[in-house]
Amino acid sequence: MAADSGDNTVVVVGAGIVGAAVAYYLTVDHHRKVILLEQCSVACHSSGKAGGFLARSWCDGMAMEALARGSFDLHQALADTFGAESIGYRRVRCVGTGPGGRPLPGAETWLDHTTGVVGAPSSTPEDCAQVTPAKLTRALVDAVVAAGGELYQGTEFGVRAVEQTQEDEHGDGSSSTSNPTATAAAAVVTVGGRRFEAPGGVVFALGAWSSRVAQWFPLAALPVSSTAGHRYTSLVWDTSETNATAVFLDSRHSVEIYPRPDETYACGCVDASSPLPDDPRDIVPKDALCSTLQQEAERCSSVLQNATVVKRQACHLPTSDTGLPVIGLIPHTTNAYIACGHTCWGILNGPMTGKALAALVVGEQPTVDLTPFAPGQA
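Please read all numbers here as calculations on a predicted model, not as lab measurements.

Residue-level account of the overall build of the chain, with values.
Looking only at helices and strands, the chain has 10 helices and 21 strands in total. What you see for the chain is a C-alpha radius of gyration of 22 Å, in line with the 21 Å of a compact globule of 378 residues. Considered along the principal axes of its C-alpha atoms, the chain spans approximately 80 × 40 × 40 Å. Of all 378 residues assigned to the chain, the portion counted as buried reaches 56%. Look at the contacts in the chain between residues 6 or more apart in sequence, and 72% of them connect residues 24 or more apart. Carbon and sulfur atoms make up 49% of the accessible area of the chain, which totals about 15100 Å².

Provide a residue-level description of the environment of Ser302, including the pertinent values.
By secondary structure assignment, the location of Ser302 is in helix 9 (residues 302-305). Contact partners of Ser302, with chain neighbours within four places excluded, come to Trp110, Asp112 and His113.

Kindly report on helix 1 (residues 17-30), identifying the contributing residues and their values.
Look at helix 1: 19 Å from first C-alpha to last across 14 residues, which is about the 20 Å you get at 1.5 Å a residue. Buried residues dominate helix 1, accounting for 12 of its 14 residues. Within the span of helix 1, buried status applies to Ile17, Val18, Gly19, Ala20, Ala21, Val22, Ala23, Tyr24, Tyr25, Leu26, Thr27 and His30. Just downstream of helix 1, His31 is the residue with a positive phi angle, here 55°.

Can you lay out the packing of aromatic side chains for me, pointing to particular residues and giving the numbers?
A full pass over the atoms with the stated rule returns 12 aromatic pairs. Seen from their ring centres, Phe53 and Tyr258 are 5.7 Å apart, and the 10° between their planes marks the pair as stacked. Note that Phe53 is positioned in strand 4 (residues 53-55) and Tyr258 in strand 17 (residues 256-259), a separation of 205 residues in sequence. The same class applies to Phe53 and to Tyr258, which are both buried.

I'd like a description of the sheet that holds strand 4, backed by residues and values.
Across the sheet, three strands lie side by side as 4-9-5; this open sheet has antiparallel pairing. The open sheet is flanked by strand 4 and strand 5 (90-91), the only strands paired with a single partner. Along the sheet, helix 3 (residues 65-82) makes contact with strand 4, strand 5 and strand 9 (128-130), crossing strand 4 at roughly 125°.

Help me get a handle on helix 10 (residues 346-361), residues and values and all.
At Met352, helix 10 is deflected by roughly 30°, the largest bend along its length. For helix 10, the tally of buried residues reaches 14 of 16 residues, placing the bulk of the element in the interior.

Can you explain the side chain of Arg90? Please cite residues and give values.
Among the structural elements, Arg90 can be located in strand 5. We note that Arg90 is buried and unpaired, the nearest opposite charge coming from Glu241 at a distance of 7.1 Å. A distance of 2.5 Å separates a polar atom in the side chain of Arg90 from a polar atom in the side chain of Gln130. Setting aside anything within four residues of it in sequence, one finds Arg90 in contact with Ala129, Gln130, Glu241, Thr242, Asn243, Ala244, Pro259, Arg260 and Pro261.

Can you lay out the pattern of salt bridges for me, pointing to particular residues and giving the numbers?
Within the structure shown, the criterion is met by nine salt bridges. Notably, a salt bridge pairs Lys33 with Glu150, separated by 3.0 Å at the nearest N-O pair. Of this pair, Lys33 sits in the loop between helix 1 and strand 3 (34-38) while Glu150 sits in strand 10 (residues 150-153), and the two are 117 residues apart along the sequence. Using a relative accessible area of 31% as the deciding quantity, one classes Lys33 as partly exposed. Salt bridges sharing partners connect three or more residues here, namely Lys33, Glu150 and Arg194.

Quick one: what's the story with the sheet that holds strand 14 (residues 202-204), residue by residue and with numbers?
The six strands lie next to each other as 10-3-2-14-21-20, forming an open sheet whose pairing is mixed. Each edge of the open sheet carries a strand with a single partner, namely strand 10 and strand 20 (326-329). When the angles between neighbouring strand axes are averaged without regard to direction, this sheet yields 15°. Relative to strand 21 (residues 336-340), strand 14 is paired through three bridges, and the arrangement is parallel. Bridge pairing in strand 21 links Phe204 to Ile338. Each of strand 2 (10-13), strand 14, strand 20 and strand 21 touches helix 10; the most contacted strand, strand 21, lies at about 170° to it.

Cut-off values and rules
Residues numbered from 1 in each chain as written. Predicted model: local features only at pLDDT ≥ 70, side-chain atom pairs only at ≥ 80, totals over all residues. Heavy atoms only, no water. Helix = DSSP H or I, 4+ residues; strand = E, 2+ residues; numbered from the N terminus. Rg over C-alpha atoms; globule rule 2.2 N^0.38 Å. Buried < 20%, exposed > 50% of the residue type's maximum accessible area, 1.4 Å probe, protein only. Contact = heavy atoms within 4.5 Å. Areas by Shrake-Rupley, 256 points an atom, 1.4 Å probe, with all protein chains shown as cover. Expected span 1.5 Å × (residues − 1). Phe/Tyr/Trp six-rings, centres within 6.5 Å; stacked < 30°, edge-to-face > 60°. Pairing = 2+ DSSP bridges. Axes fitted to C-alpha atoms, helices over the stretch in contact; angles between N-to-C directions. Bend = angle between axes of the 7 residues up to and from the residue. Lys, Arg positive; Asp, Glu negative; His and termini not counted. Salt bridge = Lys/Arg side-chain N within 4 Å of Asp/Glu carboxyl O. Polar contact = N/O pair within 3.5 Å; in protein donor to acceptor, adjacent residues only side chain to side chain.

This is how it looks when you write it as structure tokens:
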């Protein structure tokens, strides 16, 4: 079995927005070689099915304030780097409204069946933007690979915590996977016949599947016993809209509509009864919820009524036991890190999570304080 043990090589497990951002900033900020592992495909779950709404100040007053504000600015920087059009980035205004018989001021070209009143939430382009999450995630991964990183997708991988005894730490070279006197563990990842010991670090960014990490590192007592929240339904229509207005409908189904430069997206209709499967490809939206979402969105827009739904999909909200992101070194390990639990703000906070955690992995001080999200807080 071949071993990859270059001192600077970092293994990132999970190729959603968070894992891709960690890999990207390890590459561009710290010149680390990154090996990115993904069981399914890049952006195969929520990072490929989320709305991509970005808000600078909506987390103000909460633990995520600095993370969100810094990440909002990083999204603009990434748009400058990759090209805004290539990742679907643009500034937007955000309004609340409901169905009715009047056009909505400022969005008459497509929101023509509303109350005609701009309600809460209401934000300007100085405070809000949007990005197409799948496009951004793929751009980040492509940049990593172009710089010499490796991507393995559609491949099963194994994780093992190799416990290290007090004697190991003093250099006698012995190790054990069951010794009760062990004080720390090193993560070892295998893919096929290849073993990655990754002394540079292993980062786990598994989104809704992050509870698996607690099983791999039971001594860490991670606050991730439940990391898959309710399932949200989403639709995509084959109509684009130059009017950049994000809409939060006055709806008991929590419907949100985001027109994009090349399509229109809507989400809502919470499904609280469907369990998380082992494979994200097995997530299928319920027909009844798709129909409800379509009806509610199209009640406000003749443009959507005359368009065709081209995607019906669903994804689980990634959560944690604390209700906050979990970001940092996994307790009782020497080289294992976790980043998960970003709830509905995963796309917004992905870039700064990646940048901050990348700094932590290489032993530098992150530009934002990660203390509120430390894995040992539970």
